[in-house]
Amino acid sequence: MNIIWPRLPMLSHLIQLIRKQKNPLTALQIFNEAESKFPNYRHNGPVYATNTMINLLGSLGRLVEMKEVISQMKEDSCECRDLVFASAIRSYAKAGLMNEAISLFRSLPQFNCVNWTHSFNTLLKIMVKQSDLETAHRLFLENCHGWEVRSRTHSLNMLIDALCQINRSEFALQVFQEMNYMCCYPDRDTYRILMKGLCVDGRLDEATHLLYSMFWRISQKGSGADIGVYRTLLDALCDHGEVQHAVYILEKILKKCLKAPKRCRKQLNLDQCHSYADVQEAKVFVHEALIKGLVPNSDCYSAMAVDLYSEGKISEANKVLCKMNHKDFRPSLAIYEAKVAALCGKGWVDEAIEVIEGGDMMEGSCVPHNWDIQYCNKKTLL
């Protein structure tokens, strides 16, 4: 292969040369010859980075060569981005070489890398997905106090979610209760994941106490963006025949969380909910009460609509969308993506395409991602 080398070593030229190679061995040859062509040149971080050499070799399964490049990166002692190691860890895991992935992570102190957050979360996520919770727990304990891992809440959320997925929400609750001792603070995802896990397991008392624990962190302006968490508990109470308790909790949510005005709460007539014999009718009433009790806010409407679409409740979600438009709030791209996914999930591909091409998204000044179009095309083929 004839390579046109520049007179002076230009980093951008080398990166472009490596990226456009279809054969990874040719790319590796260029990578290795660069230093012999230019004696004063040394590879640096961008050449090793995720979108060049290591990622190229890893994505094509050339793991032996990838390991050699990683060793050379350690010898060069150049500044390494955490994403480089996260990419290599994914490549090892994809090939079933978890021991290599763990070994690479444990060797990070030998590299010039000061932030391991992406690598840590990538490895933890893979272990959780493979249900290797014991090793994931040990990995977390070994690294939860170091300054190299800077965001532990996301890692704990993954552990909580994994425990909830296998219906062990009581252990997930213990992890949640110990977060303060680890100097971690639960975020919206923490409450959403744990609330759903507790409700699925029928632990409604613990779920109610979890909701009460949210009240202290609600600001005076309210927190309508957490509406999905509130709705999960209220639906679970209705499903278990505790409609009266659900109404009692709903009143507290409207007052303490959504900061609904007193006149608004009186207009809702919550006692009407007791007259519904059908559970689904009671749940629809609760959902409408939450929407009417909202202090108008784009985040609140978005959270409610996305949740309803994700559960396949398209008609209810459409009502939220209409209410949002009526209040002159512009729907976000996330809402349209959730709507497209919900319609495709029902097999209504033509309606989903209409959302993308028929003007709904364009009127909202939203440009569809390739994901939306590819998802619809895939469903059409099926």
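For the structure, see preceding data.
Residues numbered from 1 in each chain as written. Predicted model: local features only at pLDDT ≥ 70, side-chain atom pairs only at ≥ 80, totals over all residues. Heavy atoms only, no water.

### What about helix H14 (residues 227–239)?
Here H14 is 13 residues long and its end C-alpha atoms lie 18 Å apart, about the 18 Å a rise of 1.5 Å per residue gives. Within H14, eleven of the 13 residues are buried, which leaves it mostly tucked inside the rest of the structure. Among all positions in H14, only Ile227, Gly228, Val229, Tyr230, Arg231, Leu233, Leu234, Asp235, Ala236, Leu237 and Cys238 are buried. One or two residues past the end of H14 sits glycine 241, with phi positive at roughly 75°. (Helix = DSSP H or I, 4+ residues; strand = E, 2+ residues; numbered from the N terminus. Expected span 1.5 Å × (residues − 1). Buried < 20%, exposed > 50% of the residue type's maximum accessible area, 1.4 Å probe, protein only.)

### With respect to the packing of aromatic side chains
When we look at a pair of aromatic rings, we describe it by the centre distance and by the angle of the planes. Inspection of the entire model under this criterion finds five aromatic pairs. Seen in terms of ring centroids, phenylalanine 105 and tryptophan 116 are 6.0 Å apart; in terms of plane orientation they differ by 80°. Their pairing is edge-to-face. One end of the pair, phenylalanine 105, is in helix H7 (residues 98–106); the other, tryptophan 116, is in the loop between H7 and helix H8 (117–129), with eleven residues separating them in the sequence. For phenylalanine 105, a relative accessible area of 2% corresponds to the buried category. Exposure remark for tryptophan 116: the relative accessible area of 8% places this residue in the buried category. On the basis of an interplanar angle of 35° and a centroid distance of 6.1 Å, the ring pair of phenylalanine 105 and phenylalanine 120 is categorised as tilted. Of the two residues, phenylalanine 105 sits in helix H7 while phenylalanine 120 sits in helix H8, which places them 15 residues apart along the sequence. Within the aromatic cluster, the residues linked to one another by ring pairs are Phe105, Trp116, Phe120 and Phe140. (Phe/Tyr/Trp six-rings, centres within 6.5 Å; stacked < 30°, edge-to-face > 60°.)

### Points about the side chain of threonine 153
The residue threonine 153 is located in helix H10 (residues 152–165) in this model. At a separation of 3.3 Å, a polar atom in the side chain of threonine 153 contacts the main-chain carbonyl oxygen of tyrosine 185. If we ignore the near neighbours within four places in the chain, the residues touching threonine 153 are Met179, Cys184, Tyr185, Asp187 and Thr190. (Polar contact = N/O pair within 3.5 Å; in protein donor to acceptor, adjacent residues only side chain to side chain. Contact = heavy atoms within 4.5 Å.)

### A look at the packing of helix H20 (residues 333–345) against helix H21 (residues 349–357)
Contact geometry for H20 and H21: axes closest at 7 Å, N-to-C directions at 160°. Relative to H21, the element H20 lies roughly antiparallel. The way H20 lies across H21 gives a crossing that is left-handed. Along its contact with H20, which presents Tyr336, Lys339, Val340, Leu343 and Cys344, the element H21 presents Val349, Glu351, Ala352, Val355 and Ile356. For the contact of H20 with H21, the class distribution of residues is eight nonpolar, no polar and two charged. (Axes fitted to C-alpha atoms, helices over the stretch in contact; angles between N-to-C directions. Parallel < 35°, antiparallel > 145°, perpendicular 65-115°, else oblique. Left-handed = near helix turned anticlockwise from the far one by under 90°. Nonpolar A, V, L, I, M, F, W, Y, C, P; charged D, E, K, R; others polar.)

### Side note on empty space enclosed by the protein
One pass over the full model with this rule turns up two cavities of 30 Å³ or more. Approximately 50 Å³ is the volume attributed to the second largest cavity. Lining the second largest cavity we find Val284, His287, Glu288, Ile291, Met304, Leu308, Glu316, Lys319 and Val320. Per-element tally for the lining of the second largest cavity: the top contributor is helix H17 (residues 279–293), with four residues. Here the lining of the second largest cavity is built from residues that sort into five nonpolar, one polar and three charged. (1 Å grid on protein atoms, 1.4 Å probe; cavity = no way out; pocket = protein on both sides within 12 Å on 5 of 7 lines; lining within 4 Å. Points joined across faces, edges and corners; volume = space filled by probe spheres on them.)

### Re the packing of H7 against H8
A pair of packed helices can be characterised by two numbers: the angle between their axes and the separation between those axes. Packing of H7 against H8 brings their axes to within 11 Å, and their N-to-C directions diverge by 155°. Regarding the angle of H7 to H8, the classification is roughly antiparallel. Crossing geometry of H7 relative to H8 is assigned as left-handed. Where H7 abuts H8, its residues Met98, Ala101, Ile102 and Phe105 lie against Ser119, Phe120, Leu123, Ile126 and Met127.

### Side note on the layout of surface pockets
Sizing a probe to match a water molecule and rolling it over the atoms shows the empty space that remains. Taken as a whole, the largest pocket spans an internal volume of roughly 660 Å³. Taken together, 29 residues form the lining of the largest pocket, with Arg192, Lys196, Thr232, Asp307 and Glu311 sitting closest to its centre. Every element with two or more residues in the lining of the largest pocket is listed here: H10, helix H12 (188–200), H14 and helix H18 (298–310).

### Focus: a negative patch on the surface
On the surface, a cluster of negative charge is made up of Asp350, Glu351, Glu354 and Glu357. On the secondary structure map, glutamate 351 appears in helix H21. Under the relative-accessibility criterion, glutamate 351 is labelled partly exposed at 41%. (Patch = residues over 30% accessible without salt bridge, like charges linked within 9 Å, V, L, I, M, F, W, Y side chains within 5 Å. Areas by Shrake-Rupley, 256 points an atom, 1.4 Å probe, with all protein chains shown as cover. Salt bridge = Lys/Arg side-chain N within 4 Å of Asp/Glu carboxyl O. Lys, Arg positive; Asp, Glu negative; His and termini not counted. Charge placed at Lys NZ, Arg CZ, Asp CG, Glu CD.)

### Regarding H7
Among the residues of H7, those classed as buried are Met98, Ala101, Ile102, Leu104 and Phe105. An end-on view of H7 places all buried positions within 160° of arc, on one side of the element. Where the residues of H7 are buried, they touch helix H5 (63–76), helix H6 (82–94), H8 and helix H9 (133–143). (Arc of directions from axis to C-beta.)

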